[in-house]
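Chain residues, written in single-letter form:
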Amino acid sequence: MLFKKTSHLVGLDIGSGALKASEIVETKSGHCLQHFGMLDIAHGAIEEGVIKDADEIAASIRKLFNENSFKTQNVAISIGGYSVIVKKISVQTMTEEQFQGVINSEAEQYIPFDISEVNLDYQILGETENNPNQMDVLLVAAKKEVVDSYVNLIQMAGLNPCVIDIDTFALQNIFELNYAPEDENIALIDIGAGKTSLNILKGNSSLFMRDVTLGCGMINREIVSLINCSYEEAEQLKYGDQPDKISHDDLKEIISSVVDDWCNEIRRALDFFYSAYPDDQIKRIILSGGGAYIKEFRELLAIETSSEVEIINPFKNIQIDKKSFDISYLERIAPQAAISMGLSIRKIDDK
Ligand SMILES: Nc1ncnc2c1ncn2[C@@H]1O[C@H](COP(=O)(O)OP(=O)(O)OP(=O)(O)O)[C@@H](O)[C@H]1O
Ligand SMILES: [Mg+2]
């Protein structure tokens, strides 16, 4: 074996804007954060979930691991909405063995990708509500080509890919660990640099998932087209501390129009959810990803959806040694850390 077998993993979230990595060990007294690191990656190195510049990202991953003292090279990574379909289906009740025999033909009906080009996975959820002859199954189909390219990337960085998860599941896992959800409806919404994913939960079950190509990069692109600068310069200017280059009014207008788009799209998704679940009310929205930092967004979303909107704290139930970590830094970057934290609680022998 190439690597020493330790049961825990480093959760590595490969975002199109930034890499985030967390290492948690489970002790008798609970989950304990050992290391956390974050590093921006070059714009364009990942586009719509596709790796465009593997050398560049592998070098960034190596740098992130060199700068932090992660204790294992075994990592859990995730892929996002562009190349994954997650679908809850109902089929006639059968054994797991029988389901394995029919999974391809079932999947063909629901998955808009060529079945020979995807990795299929599933979880049998149990009896369908009000129909004892049927069972619910969560079907996951991920494009093989994309999964393989992420596995290659991790190997290029000298690491050992042990678990390939889905962004949304990782987020749900860290949410459940920290918030012990009750039977209310909660929407988890992650707004990254290039994509937004929404997951509506009732207790520990996911009722509805949707990914859309909206993200914080839209603000950069608006700045680029207004003042004709590079995407990287726009990244510096979007925080409003260089009014000589872009005025506060112009920036405010850009941010307002972008967050307006986000809220409209989220409203559309929620309306779709309500049409399928008319008796369910979403009273709480929990945000993660870089978009969660934007106050105008949180305020508008609360008004538009009549929900309480808050920022996720993935460190809430995690023990953190105050001598080893800058707590105020962790509090600040909490929404961006969420997915990597969810990945780091996966175990080496998880499927
Ligand atoms: N304080 C802030 N205000 C507004 N935007 C911010 C702030 N801090 C970071 N961002 C933006 O957040 C984005 C990065 O967020 P995040 O790390 O969640 O994205 P990612 O995971 O890399 O992207 P994706 O998941 O879409 O591939 C960047 O576009 C960055 O400009
Ligand atoms: Mg992300």
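In short, a report on the structure. Keep in mind the model is a prediction, meaning the values are calculated, not measured.

Let us now look at the sheet that holds strand β10 (residues 160-166). Strand order in the open sheet made by the five strands is β3-β2-β1-β6-β10, with mixed pairing throughout. Two strands lie at the open edges of the sheet, namely β3 (30-40) and β10, each paired on one side alone. Here the strands of the sheet are splayed against their neighbours by 25° on average, with no regard to which way each runs. As paired strands, strand β1 (residues 10-14) and strand β2 (residues 18-27) are joined by five bridges and run antiparallel to one another. Within β2, the position partnered with Asp-13 by the bridge is Lys-20. Against the sheet, helix α1 (residues 54-67) touches β1, β2 and β3, its axis set at about 135° to β3. Most of the contacts of helix α9 (residues 327-344) go to β2, to which it runs at about 70°, and overall it touches β1, β2, β3, β6 (74-79) and β10.

Once that is clear, we can look at the site of ligand 1. Inspection of the region around ligand 1 gives 17 residues, with Gly-15, Gly-17, Gly-192, Cys-216 and Gly-290 positioned closest. Looking at side-chain class alone, the shell around ligand 1 contains five nonpolar, ten polar and two charged residues.

Attention now goes to unusual backbone geometry. Positive phi, normally seen in glycine, also occurs at Ala-180, with a value near 40°. Positionally, Ala-180 belongs in the loop between α4 (167-179) and β11 (185-191). Among the residues examined, Ala-180 registers 10 C-beta atoms within 10 Å and is labelled exposed. Phi angles above zero are rare outside glycine, and Asn-228 is one such case at about 60°. Locating Asn-228 in the fold gives a position in the loop between α5 (217-227) and α6 (231-237).

Let's shift gears to the packing of helix α7 (residues 248-276) against helix α8 (residues 295-305). Where α7 contacts α8, the axes come no closer than 10 Å and their chain directions differ by 35°. Crossing of α7 against α8: the hand is right-handed. Across from Ile-255, Ser-256, Val-259, Trp-262, Cys-263, Ile-266, Arg-267 and Leu-270 in α7, the residues of α8 making contact are Glu-296, Phe-297, Leu-300, Leu-301, Glu-304 and Thr-305. Of the residues assigned to the contact of α7 with α8, the class counts are nine nonpolar, two polar and three charged.

Analysis parameters
Counting from 1, residues in each chain are numbered in the order their sequence is written. Each chain is given a letter, starting from A, and each ligand a number, starting from 1, according to the order in which they appear as written. Totals for whole chains, interfaces and linings use every residue, but because this is a predicted model, local features are given only for residues with pLDDT of at least 70 and side-chain atom pairs only at 80 or more, for both listing and counting. What makes two strands pair is DSSP finding at least two bridges between them. Here a strand is any run of E in DSSP of at least two residues, a helix any run of H or I of at least four, and the numbering for each starts at the N terminus. Between the N-to-C directions of two axes lies an angle of 0 to 180 degrees, each axis being a line fitted to C-alpha atoms and, for a helix, fitted only over the stretch in contact. Two residues qualify as being in contact provided that their C-beta atoms, derived from the backbone, are within 7 Å of each other. A residue counts as near a molecule or strand when its C-beta atom, positioned from the backbone, falls within 6 Å of it. In this classification, the charged set is Asp, Glu, Lys and Arg, the nonpolar set is Ala, Val, Leu, Ile, Met, Phe, Trp, Tyr, Cys and Pro, and all remaining amino acids, among them Gly, are polar. The burial criterion counts other C-beta atoms lying within 10 Å of a residue's C-beta, which is placed from the backbone; the residue is buried at 20 or more, exposed at 12 or fewer, and partly exposed between these limits. Handedness of each helix crossing follows the sense of rotation of the near helix against the far helix: counterclockwise by less than a right angle gives left-handed, clockwise gives right-handed.

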